[in-house]
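Notes for the structure review
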Amino acid sequence: MAKLSVTLLLIVAAISMSSLAFSYNIHAIFTFGDSIFDAGNNHFINNCSAQADFFPYGSSFFHHPTGRFTNGRTVVDFISELLGIELQKPFLQARLEVTNGTKKGYPTNGINFASAGSGVLNATNQDMKVIPIQDQLNQYQELVNQNLINKTVIEKSLFLFESGSNDIFNYFLPYESPTLDPNAYVQSMLTEASSYLDQIYKLGARRIAIFALGPVGCVPARALLGAPTNKCFGKMNVMVKNYNKGLENLVSGIPTKYPGAIGVFGDVYRLVQRFRAIPTRYGFTDVTNACCGDGTLGGYVQCGREGYKLCEKPKEFLFWDYFHPSEHAYKVITKALWAGKNLTIRPFDLQALVSVPNVRN
């Protein structure tokens, strides 16, 4: 097992240093998470209140709302484009198309299971009718168990995970009384993240990318909590950093705990803080306010809801709405994760991860 892990690392190192053209071994992406990744699943959930299926969401690229909580593409979309594969459909859309007969089978380029508003904890925003990580996994497992996803597709797939921001944001809601202290709460989240890795590995995942949360305490929506608006919400970011540290530890253990699997940790928190520190280097003129929203920081009203205001240059804003990055921010994040340095993504970048030859065990 140790020998296999060393061999994989040597392969990746050789690929990373090569100046030759890359030949990617990924043909599909399976995505799990929240609104950072959601491609429109919530649109297909009856009575789900976490929605972005209205104007001006999607206006900068798709020119119509897709259910993505930004003005265009997400990190998952940009990774797909770099791999040269079509953007993945939301699972609930794909299932509907198979059920009503408009499609004969599920897509071979992967599926997006992410649900906006969801968390790693099942109870997070349950009243909003969102799909928590465990249920997303159950949806994937059902497809695998029924042989509705070809095993050769799974072998050549990249698995993406990003979840936890809603859990931590909700910890500070003024009308909620947490039953756990912050450290215990974060540990409960990490238990669920560890369970995700266990299950996804058993279901065939071998190339896994775990993305850190961004600095949730800096989103414009913090104004709704009565948190400081002239600086980030420190207590919230402490929880985020502790959770991210735990996620990185899980990734570090992948080579030994899951034979044949390789994982990377994308340090999105560090990236976004760099944007905030030197915004002009990355094309931003505003890293504080939402481009689309209203009230203090643009954080009181969701983009597209009654009373919202829209900025003239979305590309120059770090935040599209009160909680989510702009398409430009996602593009810059993807660029750093795809071919970044160790401070950004480790132990190697996404370009190296998707270039590793298929490994069977």
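Residues numbered from 1 in each chain as written. Predicted model: local features only at pLDDT ≥ 70, side-chain atom pairs only at ≥ 80, totals over all residues. Heavy atoms only, no water.

Moving on: the overall build of the protein chain. Counting its regular elements, the protein chain contains 12 helices and 11 strands. Compactness check: the protein chain gives a C-alpha radius of gyration of 19 Å against a globular reference of 21 Å for 361 residues, within 12% of the reference. Considering only C-alpha atoms, the protein chain reaches an extent of 55 × 45 × 45 Å along its principal axes. Of all 361 residues assigned to the protein chain, the portion counted as buried reaches 56%. Counting only carbon and sulfur atoms, one obtains 53% of the accessible surface of the protein chain, whose full area is about 15,700 Å². Here the protein chain carries 32 positive and 27 negative side-chain charges, and the mean point of each set is 8 Å from the other. (Helix = DSSP H or I, 4+ residues; strand = E, 2+ residues; numbered from the N terminus. Rg over C-alpha atoms; globule rule 2.2 N^0.38 Å. Buried < 20%, exposed > 50% of the residue type's maximum accessible area, 1.4 Å probe, protein only. Areas by Shrake-Rupley, 256 points an atom, 1.4 Å probe, with all protein chains shown as cover. Lys, Arg positive; Asp, Glu negative; His and termini not counted. Charge placed at Lys NZ, Arg CZ, Asp CG, Glu CD.)

Looking now at the packing of aromatic side chains. In this structure the tally under the stated criterion is 23 aromatic pairs. Ring plane angle 10° and centroid distance 6.3 Å describe the contact between F91 and Y106, whose orientation is recorded as stacked. Of the two residues, F91 is situated in helix α3 (residues 91–99) and Y106 in the loop between α3 and β3 (110–112); the sequence distance between them amounts to 15 residues. On the basis of relative accessible area, Y106 is assigned to the buried category, the value being 14%. Members of the aromatic cluster, each reached through a chain of ring pairs, are F30, F32, F91, Y106, F113, Y140, F159, F161 and Y196. The ring of F61 is capped by R73, whose NZ or CZ atom sits 3.8 Å from the centre of that ring. (Phe/Tyr/Trp six-rings, centres within 6.5 Å; stacked < 30°, edge-to-face > 60°. Lys NZ or Arg CZ within 6 Å of the ring centre and 35° of its normal.)

What follows concerns unusual backbone geometry. Geometrically, the link from F55 to P56 is a cis peptide bond, its omega value of 5° lying close to zero. Relative to the elements of secondary structure, P56 occurs in the loop between β1 (28–33) and α2 (75–83). For N125, which is not glycine, the phi torsion reads 55° and is therefore positive. The topology assignment puts N125 in the loop between β3 and α4 (133–145). Not every positive phi belongs to a glycine, and L297 is a case in point at roughly 65°. In this fold, L297 is placed in the loop between β8 (292–293) and β9 (309–310). You can call L297 buried: its relative accessible area is 9%.

This part is about the environment of G283. Examined against the element boundaries, G283 turns out to sit in the loop between α10 (268–277) and β7 (286–290). A relative accessible area of 35% places G283 in the partly exposed class. Along the chain, G283 and K315 lie 32 residues apart, while their C-alpha atoms are 7.8 Å from each other. Once residues within four sequence positions are removed from consideration, G283 is found in contact with K315, E316 and H328. (Contact = heavy atoms within 4.5 Å.)

With that settled, the discussion passes to the state of the cysteines. Counted under the stated rule, the structure contains three disulfides. Linked covalently through their sulfurs, C218 and C232 form a disulfide whose S-S length is 2.0 Å. Since a negative S-S torsion denotes a left-handed disulfide, the C218-C232 link at about 110° is right-handed. Here C232 lies in the loop between β5 (207–211) and α8 (234–252) and C218 lies in the loop between β5 and α8, a separation of 14 residues in the sequence. The exposure class of C218 is buried, given its relative accessible area of 3%. We classify C232 as buried; its relative accessible area is 16%. Take the cysteines of the protein chain that form disulfides and number them in order along the sequence; they join up as 1-2, 3-6, 4-5. (Disulfide = S-S within 2.5 Å.)

This structure, assessed with the given rule, holds nine salt bridges. E97 is the partner of K89 in a salt bridge, and the nearest nitrogen-oxygen pair spans 2.7 Å. A salt bridge links K257 to D198; the shortest N-O distance between them is 3.5 Å. Here D198 lies in helix α7 (residues 182–202) and K257 lies in helix α9 (residues 254–257), a separation of 59 residues in the sequence. Since its relative accessible area comes to 47%, K257 is described here as partly exposed. The exposure class assigned to D198 is partly exposed, which follows from its relative accessible area of 26%. (Salt bridge = Lys/Arg side-chain N within 4 Å of Asp/Glu carboxyl O.)

Those residues of α10 lying buried are V268, Y269, L271, V272 and F275. Down the axis of α10, the smallest arc covering the buried residues is 165°, so these residues share one side. Buried residues along α10 sit against β5, α8, β6 (262–266), β7, β10 (317–319) and α11 (327–338). (Arc of directions from axis to C-beta.)

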